[in-house]
Amino acid sequence: MQDKLIRSQYLLSISLIITSIIYFFASNWGGFSKWDKIGLSVGLIVLFYVVAVLAANWLSRYRFLGNWLFFAASLAFGIGIALLGQIYNSHADSYWLFLLWFIPTVAFAIVTKYRPFSVLAYLLFHLAYFTYFFPTGAFWIRGPFEEVGIVGGLALLNGILFMYLFVRKSAAKELLYLSYSMFHVFAVSVSFFDRFGGVGLLITCLQIILLIVALKYFSVKQKRGLQIVTIVITTIVAFIKYTELSFEVGGGFFFFGGSLIGVVIVVVGSVKVLQLLKKQSESGATSRALSIIKHVLIICLTLFCAFTALSSITGLLFLIVPQAPEYPGFVIAIIFIYFSGYRLFRSYPTVQYTLLITGLLLACSISMMMSFWWSIVLLLVIFYMMKTLPYRGTRVILYTALHPILFVLYWRMLEEFYVGIWGHPYLWELAFIGFLVMNIIVWSASKLPYLRVLSFCLALITAYVLSFQGEHLIYYVYNLVFLVVSFLLVYDSYKKKQSIQLYVGYFVWFVYLFTKYYEYGWKLLHKSLSFLLIGLLIGGIAYWLERRNGDRTPVGTFIFTGRKPLLIIIIVVQFLMIGGITFIKEQTLANGTDIKLKLEPVDPRSMLQGDYVQLRYTISDLPISKKVRSGKRIAVILRSKENGVYGYSGYYQYEGKWNKSYVKKAGDVKIVGKTTYNGVEYGIEHFFVEEGTGFDLQQHIRYGHVKVAENGDALLLDVTKK
């Protein structure tokens, strides 16, 4: 258990340090010059590689620590490429960023066979692919068949990758499941009939056939992991298609009534399937795997049937009693909740849970339309059911449902006394504080293991949500509450050797780190320093625990061992890439032509590069021929107009041909761009700014100062009022 803790602490420490580096460079702090930032970026990459070698050979017995630091160096390289884009105001989240990052990453994956590199390369390829066809900030409208070609092509690539890994029996299970899942995600995204017509219908039919065949094949071959994933995907696809069908048909008595009959058929069928799984497990055939499949199947079928039944019952109520659907709806909900505990259904979990969840969902939604006294009735029913039903699953569902029911009661009670919750943010915060305290009390007092796990998870989620509330000092207090509560809960889980809670706690921490990047209440620079200190502290604690353990026997192998020449070549290529990009940009700055362009801005945040002002120029709107296709390279001739501001001269070159006869004049400047649906982009549409300054800047700037190289490539230098 201590080994697992040390591993987790090292992983969290490295993650916090990498996060702090991303946040620091994304803040675009004005205290560093261009060369300071580049030097710091290169130095961090070198530092990670050096520390990786030291950790794997001398500092730690855990060779995986060297591997993680080596992987962190690859992440630092990607941050360095993103930083160059920020410094030279290249396109935010450009496909070039992800493509350049992908090249050495996939080389590392091939040479080392280290699976994190494979997963990172997979993600980078998809990011490069999507940002190429759908660039950030550009307004693209593509036809249905073009979308099918782009997204369907990616689905096909994932299908080929899955088949290759499956046939080869690859050890890269992460890629196997990722490629299989993403194949179905991309397939379903281009299967909507309203958007893609007959092609969408054909893709839907093919996907359903594939899922049925896959379920049968993976069951026969006892590929339990893929069988579970297929069950989950089938449930999601079924729900999406049901929702699509409801929009297409537009509801109606026959649709909602037919949906309810369908739910009954699915539930009855699930009973037969679960009985079959039970017989297989009793025969001794991989009983643990079958047990997992059984629980996943119960969860998926229950959720699908419950939500389908909810929408059907709600639709029928509004059709039959449109004036007051809430009262019969509430009665039906109470009946469902009560009969879910009926002895007859206790042997059939899908029946019991479908009745219970449908009743709870219906009751929660209906109670928002009624007096708060009805919420009290519902609350009493919940407490009665929790006391009388001894089953773990029902108590988990009831305790989870207690939260929205209490919130509705709180909201309706306040409205009863003429206090509107919507206009008073502190009332929201009080509700979350109450839930946090309630879950901590249940977690500390309950003797039921499953209830402790559930209250632990809900306490962490509540504290996480609370960390986004409040303003000024209160906001920082809530974030401190999250960090303190999560640390104490995770530490207690470690002491009591509760691995589920431990991993849930780490997962919530990682989600917190990721989502805080896009949250503006806390400056990136301050987050960076905080996470760096916390990361170093956790890493220091992990190192102290390792030393105190006393055992110096090496664990695992270092990926650098036996592969030094090839890995050194890849590392050198990384530095050559950074140097090459810097050299090309500096050459443009030194030798390019200065021009001034009129512009119009907006202000978002890049994935890795921080805040930027998105710009649009007068030369972006050109009267070009309808024959010019979107996404194609175009060269535009600019000429100096009033006050030295450059504008469109009336000439452009597309596919080697001029739109009309052109004779070069003194002072003409050729700038190269790419056509979009609503104009031309030149790669100078993003100006990176220090965090928090973009909104004020965009109110005043009117001109962009640009360097244009002889080949037409442009580099944005500055934006000004005049």
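Since this is a predicted model, take the numbers as computed values, not measurements.

### Examining the environment of T105
- Position of T105 among the secondary structure elements: in helix α4 (residues 95-112).
- T105 sits in the buried class, given a relative accessible area of 0%.
- With near-sequence residues (within four places) excluded, T105 lies in contact with S74, F117, L120, A121 and L124.

### A closer look at the packing of aromatic side chains
- Applying the stated criterion across every chain, the model contains 35 aromatic pairs.
- Their ring planes at 40° and their centres at 5.8 Å tell us that F130 and F186 sit as a pair that is tilted. One end of the pair, F130, is in helix α5 (residues 115-133); the other, F186, is in helix α7 (residues 173-189), and 56 residues separate them in sequence.
- Owing to a relative accessible area of 27%, F130 belongs among the partly exposed residues under this scheme.
- Looking at F186, the relative accessible area reads 7%, which means it is buried.
- Members of the aromatic cluster, each reached through a chain of ring pairs, are Y95, W96, F102, F125, Y129, F130, Y132, F133 and F186.
- The residue whose ring lies beneath K241 is F192, and the NZ or CZ to ring-centre distance is 4.9 Å.

### Brief notes about the pattern of salt bridges
- Throughout the structure, instances matching the rule amount to seven salt bridges.
- Residue D668 is joined to R639 by a salt bridge in which the shortest nitrogen-to-oxygen separation is 2.8 Å. Residue D668 is located in the loop between β6 (657-658) and β7 (669-676), and its partner R639 is located in strand β4 (residues 633-640); the two are separated by 29 residues in the primary sequence. Residues D668 and R639 agree in their burial class; the two are buried.

### Overview of the packing of helix α6 (residues 144-168) against α7
- Their axes nearest at 8 Å, the elements α6 and α7 cross at an angle of 150°. By the angle class used here, α6 and α7 are roughly antiparallel. The way α6 lies across α7 gives a crossing that is left-handed. Contacts between α6 and α7 involve V151, L154, A155, N158, G159, L161, F162, L165 and F166 on the former and, on the latter, L175, L176, S179, Y180, M182, F183, F186, A187 and S189.

### Remarks on the confidence of the model for the chain
- Averaged over every residue, the pLDDT of the chain is 82; residues scoring 70 or more account for 90%.
- Put simply, strand β2 (residues 605-606) is where the chain has its lowest mean pLDDT, 50, and α7 is where it has its highest, 93.

### Digging into a nonpolar patch on the surface
- On the surface, V46, V50, L54, W58, L59 and Y543 cluster together into a nonpolar patch covering about 540 Å² of accessible area.
- With five residues, the top contributor of residues to the nonpolar patch is helix α2 (residues 34-59).
- Secondary-structure assignment places L59 in helix α2.

### Some details on the nonpolar core
- If you look at the biggest cluster of nonpolar residues, it comprises 92 residues, and the most contacted ones within it are Y10, I18, F48, F70, F108 and F117.
- Per-element tally for this core: the top contributor is helix α3 (residues 63-87), with 17 residues.
- If we ignore the near neighbours within four places in the chain, the residues touching I18 are F48, A72, L75 and I79.
- Counting 52 residues, the second-largest nonpolar core is a separate cluster that includes I228, A333, Y353 and L356.

### Description of helix α12 (residues 326-339)
- With 14 residues, α12 extends 20 Å between its outermost C-alpha atoms, agreeing within 8% with the 20 Å of an ideal straight helix rising 1.5 Å per residue.
- Looking at α12, one finds that the buried residues are E326, G329, F330, A333 and I337. Down the axis of α12, the smallest arc covering the buried residues is 100°, so these residues share one side.

### Things to note about the sheet that holds strand β5 (residues 646-654)
- Here we have five strands laid out as an open sheet, ordered β6-β5-β4-β7-β8, and antiparallel in their pairing. In this open sheet, the two edge strands, each paired with only one partner strand, are β6 and β8 (679-681).
- Across two bridges, the pairing between β5 and β6 is antiparallel. Within the sheet, the bridge partner assigned to Y654 lies in β6 and is K657.

### As for a positive patch on the surface
- A surface patch of like charges, here positive, comprises K169, K173, K221 and K223.
- We classify K221 as partly exposed; its relative accessible area is 48%.

### A closer look at the environment of Y662
- Residue position: Y662 is located in the loop between β6 and β7.
- Sequence separation between Y662 and Y652 is ten residues; the distance between their C-alpha atoms is 8.8 Å.
- Apart from the residues lying within four places of it in its own chain, the contact partners of Y662 are I637, R639, Y651 and D668.
- There is a polar contact of 2.9 Å between the side chain of Y662 and the side chain of D668.

Rules used throughout
- Residues numbered from 1 in each chain as written.
- Predicted model: local features only at pLDDT ≥ 70, side-chain atom pairs only at ≥ 80, totals over all residues.
- Heavy atoms only, no water.
- Helix = DSSP H or I, 4+ residues; strand = E, 2+ residues; numbered from the N terminus.
- Buried < 20%, exposed > 50% of the residue type's maximum accessible area, 1.4 Å probe, protein only.
- Contact = heavy atoms within 4.5 Å.
- Phe/Tyr/Trp six-rings, centres within 6.5 Å; stacked < 30°, edge-to-face > 60°.
- Lys NZ or Arg CZ within 6 Å of the ring centre and 35° of its normal.
- Salt bridge = Lys/Arg side-chain N within 4 Å of Asp/Glu carboxyl O.
- Axes fitted to C-alpha atoms, helices over the stretch in contact; angles between N-to-C directions.
- Parallel < 35°, antiparallel > 145°, perpendicular 65-115°, else oblique.
- Left-handed = near helix turned anticlockwise from the far one by under 90°.
- pLDDT = per-residue confidence, 0-100.
- Patch = residues over 30% accessible without salt bridge, like charges linked within 9 Å, V, L, I, M, F, W, Y side chains within 5 Å.
- Areas by Shrake-Rupley, 256 points an atom, 1.4 Å probe, with all protein chains shown as cover.
- Core = buried A, V, L, I, M, F, W, Y, C linked by side-chain atoms within 4.5 Å.
- Expected span 1.5 Å × (residues − 1).
- Arc of directions from axis to C-beta.
- Pairing = 2+ DSSP bridges.
- Lys, Arg positive; Asp, Glu negative; His and termini not counted.
- Charge placed at Lys NZ, Arg CZ, Asp CG, Glu CD.
- Polar contact = N/O pair within 3.5 Å; in protein donor to acceptor, adjacent residues only side chain to side chain.

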